[in-house]
Amino acid sequence: MLIISERVRAADPREDERIVHRAVGPAENDFQRLSCSEGPEDGIHVPGQKLRVRADHTLGDGQQWCTGCFPEKVRDA
């Protein structure tokens, strides 16, 4: 599967989180649709690198699965 992370900024940059989404379709003009997107204009602009990972992929520190894209996964503790 293809995943892409979204940076969620906090007041303290050391507490920024990364939400990992399932990428859908090709990136067009620096715009990437996501599995949790509801309309054709919902998604991430200027996306980072997409990664191809296995379904049992383990996230790193400061990352969590998007509950809209991956309802079967729980937040990593």
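No experiment lies behind these values; they were computed from the predicted model shown.

Calculation rules
Once a new chain begins, its residue numbering starts again from 1 and follows that chain's sequence as written. Where totals are concerned, whole chains, interfaces and linings use all residues; where local detail is concerned, this predicted model gives features only for residues with pLDDT of at least 70, and gives and counts side-chain atom pairs only at 80 or more. The basis for every side-chain value is the complete set of heavy atoms in the structure, and neither hydrogens nor water enter the calculation. Secondary structure counts use DSSP, requiring at least four H or I residues in a row for a helix and at least two E residues in a row for a strand, with both numbered from the N terminus. The working definition used for a salt bridge is a side-chain nitrogen of Lys or Arg within 4 Å of a carboxyl oxygen of Asp or Glu. A 1.4 Å probe rolled over the protein chains alone gives each residue an accessible area, and that area as a share of the maximum for its type sets the label: buried under 20%, exposed over 50%, partly exposed in between. In predicted models, pLDDT denotes the confidence assigned by the predictor to each residue on a 0 to 100 scale. Distance and chemistry together define a polar contact, namely a pair of N or O atoms within 3.5 Å, with one atom able to donate a hydrogen and the other to accept it when in protein, and with adjacent residues in sequence counting only for side-chain atoms on both sides. Note on definitions: a residue-residue contact is assigned when non-hydrogen atoms from the two residues lie within 4.5 Å.

Engineer: Tell me what's going on with unusual backbone geometry, and back it up with residues and numbers.
Structural biologist: At Asn29, a residue that is not glycine, the phi angle is positive and equals roughly 50°. Inspection of the secondary structure puts Asn29 in the loop between strand S2 (17–28) and strand S3 (31–34). Non-glycine residue Asp30 carries a positive phi angle of around 60°. In this structure, Asp30 sits in the loop between S2 and S3.

Engineer: Explain the pattern of salt bridges residue by residue, including any values.
Structural biologist: Oppositely charged side chains may form a pair once their charged atoms are brought near each other. Tallied over the full model, the rule gives four salt bridges. Of the charged contacts in the structure, one is a salt bridge between Asp56 and Arg54, with a shortest N-O distance of 3.7 Å. Since its relative accessible area comes to 56%, Asp56 is described here as exposed.

Engineer: Tell me about the confidence of the model for the protein chain, residues and numbers included.
Structural biologist: Caution applies to low-pLDDT regions: their predicted coordinates should not be interpreted in detail. Per-residue pLDDT for the protein chain averages 86, and the proportion of residues at 70 or more is 95%. For the protein chain, strand S4 (residues 44–45) is the element with the lowest average pLDDT, namely 86, and strand S6 (residues 63–65) is the one with the highest, namely 93.

Engineer: Let's hear about the side chain of Gln32: which residues, and what values?
Structural biologist: As for its placement among the helices and strands, Gln32 is situated in strand S3. Judged by relative accessible area, Gln32 falls into the buried class, the value being 0%. Separated by 3.0 Å, the side chain of Gln32 and the backbone oxygen of Val24 make a polar contact. Among the polar contacts listed, one links the side chain of Gln32 to the side chain of Lys50, at a separation of 3.3 Å. For Gln32, the contacting residues outside a window of four places in its chain are Ile4, Ala23, Val24, Gly25, Pro26, Ala27, Gly43, Ile44, Pro47 and Lys50.

Engineer: With reference to specific residues and values, describe the environment of Trp65.
Structural biologist: Mapped onto the elements of the fold, Trp65 is located in strand S6. Classification of Trp65 by relative accessible area gives buried; the value is 6%. For the pair formed by Trp65 and Glu38, sequence separation is 27 residues and the distance between their alpha carbons is 18 Å.

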